[in-house]
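This is what each chain is made of:
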Amino acid sequence: MMSNKGNLDRIFHQDISFDLNEINNMMLSICGIKNFFKDEQEFKVWKEWYHDGELNVGAREFGDFQTPIDLADRVCKVLIANNVNPSIIIEPTFGKGNFIHASLNNFSKVKKVYGVEIQKPYLFYFKKSCLEGKIPYREGITIEVYHDDFFKHEFPNYLLDENEELLIIGNPPWITVAELSRLSSTNIPEKSNIKGYSGLDAITGKSNFDISEYIIIKLLDLLTTAKKGTLAMLCKNSIAKNIVYSIPNSKWNVTTLKMFNFDAKKEFDVVTDASLLLVKIGEEGKDPIHTCDVFNLDEPEKKLRTFGWVNDKFVADVEKYRNSSNIDNVSPLEWRSGVKHDCSKVIELTLQKDNILVNGLKEVVDIENELVYNLLKSSDLKKETIPNHTRKKIIITQNKVGQDTSYIKEKFPKLWNYLNTHKEFFDKRKSSIYKGKPDFSIFGIGDYSFAPYKVAISGMYKESNFSLVIPIKDKPVMLDDTCYFLSFNRYLDAVFTFLILNSDLVQNFLKSLTFVDSKRPYTKDVLMRIDLLEASKQLSLDELLSYANKFDIYIPFGITEEDYMDYIERLQFQPESFFHGEVDSANLQEITQQ
């Protein structure tokens, strides 16, 4: 039953002249919304469609995933269990208003609701829901809602009263700056590189981020201005992790920090890991914290783990880290990423019957073999050992970044002709790293790429599985840019390193560091924290050889304690010898036969 239906019918259906202030005062008394109509033109619009059905709302541009009312209600109940009972509520991207609805249903002390929404149809929808009684209203509550862009909206100071309990709640857009740019959207911050990335990091994508992260940062700044309050936002887990990572370098006085995981596929039909991020600022009698407790939204009292900062280290599991932190330092050997080319249809080839090479355009490729190498991608590194063939091959045009590629014309004319025939694919590459570089340039290439032995890991998979990579038909195997690897000239060095990395000691350490719900759990930054020297000192030769029994790898006969001590000594004093030393090619035939 519509509240004050008679008054509304009189306002919208009779041709009676009303003063706009008088109309807005009537609306305030009916549903609590202040300044219901912005102007007379808006009032006329309402008169035209007041009795129509639901509005057709929602747009991809806004990262639009409306929160189910049941989920919003569960969030509010978890907040109450965490001693949140606000008098002022801010919803910065309120959409249909389900969080406002749930808040009014659950919180008993609410006096003011303040909402911002960029899509005007949602603003109308919310107001209509209030008038129809679908969103509960209690006398004494004032609701202010605005059609505005969050990135331009200025929140008034009267919301930041220290004597009031402030809650900022909502579900900001799940969309990245890059996606917004592709959609030519104006719903975007003035500068996309808000984290201050510079140089190659900004160019290659670290400055691309979800809009929700920007919004949450700005809202935490707002709470800091208020000196106290609570933020409760639905977001991807990667965003929550980034927020926790930022805390030590922020001005936020965070005193409570929790995440409550929920099923985003079920709630939003989105395949990603997501959670409710709960942040309290400025609680009296509590010290600032830099760690976050993780729960499930359906079991909010059962703690799963704690992640965040331990001293000056950022870790995924605080308890596990404390049991393995003694190998957290700097790797004496440098981890490298594989080849980056952004031209897979031309550069990556598949070997078919009768040794025929076919590219991604399904063309038969007839070129010289010298610059064609076997290629491993992330999906090929699921096992510890690699077979003597690969699914893919790759054309390697340079021995190092920036090398002039014109040499190909003289030495390999068929390849030169093939590359030039498909030059348009190279020219269309969008990344600025290729600008001003020689034709057919690639990245992630250097002398380390041509080392005979490698120990590699996929950056993309949840399991920290290290693989031993050896040459195929006397040629080194390449990896793509989703993989990371260490390079070796001696097989035994590669074997020792492989066994150390797959040991329980290192595996448990990695579990304490990595966020397996990340798009790329294993990065160079993470891998460079494995102190191979310290790990080797804690593992005996017998322990390593016992690990070797688990893997189908060739172990040279007669390995001695002196061999292992030599490995450890060179790790400490001559790490460059692992890659720049003499190649043990004499043993290669024996290794490959095994």
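No experiment lies behind these values; they were computed from the predicted model shown. (Residues numbered from 1 in each chain as written. Predicted model: local features only at pLDDT ≥ 70, side-chain atom pairs only at ≥ 80, totals over all residues. Heavy atoms only, no water.)

Some words on the pairing of strand 17 (residues 453-458)
Walk down a regular strand and you will see the side chains alternate between the two sheet faces. Burial of strand 17 is extensive: six of the six residues sit out of reach of the surface. Across the two faces of strand 17 the burial is the same, with Tyr453, Val455 and Ile457 and Lys454, Ala456 and Ser458 all buried. Note: strand 17 against strand 20 (residues 483-488), six bridges, orientation antiparallel. Looking at the pairing, lysine 454 lines up with serine 487 of strand 20. (Buried < 20%, exposed > 50% of the residue type's maximum accessible area, 1.4 Å probe, protein only. Helix = DSSP H or I, 4+ residues; strand = E, 2+ residues; numbered from the N terminus. Pairing = 2+ DSSP bridges.)

With respect to the packing of helix 4 (residues 69-81) against helix 5 (residues 98-106)
Closest axis-to-axis distance for the helix 4/helix 5 pair is 8 Å, and the angle between their directions is 45°. The angle between helix 4 and helix 5 places the two elements in the oblique class. In this structure, helix 4 meets helix 5 at a crossing whose hand is right-handed. Each of Ile69, Ala72, Asp73, Val75, Cys76, Lys77 and Ile80 in helix 4 lies in contact with helix 5, whose residues at this interface are Asn98, Phe99, His101, Ala102, Ser103 and Asn106. Grouping the amino acids of the contact of helix 4 with helix 5 by side-chain chemistry returns seven nonpolar, four polar and two charged. (Axes fitted to C-alpha atoms, helices over the stretch in contact; angles between N-to-C directions. Parallel < 35°, antiparallel > 145°, perpendicular 65-115°, else oblique. Left-handed = near helix turned anticlockwise from the far one by under 90°. Contact = heavy atoms within 4.5 Å. Nonpolar A, V, L, I, M, F, W, Y, C, P; charged D, E, K, R; others polar.)

Section: the packing of aromatic side chains
Counted by the stated rule, this structure contains 32 aromatic pairs. On the basis of an interplanar angle of 55° and a centroid distance of 5.2 Å, the ring pair of phenylalanine 496 and tyrosine 564 is categorised as tilted. Of this pair, phenylalanine 496 sits in helix 17 (residues 491-501) while tyrosine 564 is found in helix 22 (residues 561-573), placing the two residues 68 residues apart along the sequence. Residue classification places phenylalanine 496 among the buried residues on the basis of a relative accessible area of 1%. Every member of this aromatic cluster is reached through a ring pair, and the members are Tyr114, Tyr146, Phe150, Phe151, Phe155 and Tyr214. Geometry around tyrosine 125 places lysine 96 over its ring, the cationic atom sitting 5.2 Å from the centre. Across the ring face of phenylalanine 425, the terminal group of lysine 428 is positioned such that the distance to the ring centre comes to 5.9 Å. (Phe/Tyr/Trp six-rings, centres within 6.5 Å; stacked < 30°, edge-to-face > 60°. Lys NZ or Arg CZ within 6 Å of the ring centre and 35° of its normal.)

Topic: empty space enclosed by the protein
Per the stated rule, a full pass over the model turns up two cavities of 30 Å³ or more. Roughly 40 Å³ of volume is contained in the second largest cavity. Around the second largest cavity, the lining residues are Asn237, Ser238, Lys241, Met259, Arg305, Phe307, Phe515 and Asp517. If you tally residues by element for the lining of the second largest cavity, the top one is helix 10 (residues 237-246), at three residues. (1 Å grid on protein atoms, 1.4 Å probe; cavity = no way out; pocket = protein on both sides within 12 Å on 5 of 7 lines; lining within 4 Å. Points joined across faces, edges and corners; volume = space filled by probe spheres on them.)

It is worth stressing that arrangement in space is one thing and function is another; only the former is reported here.
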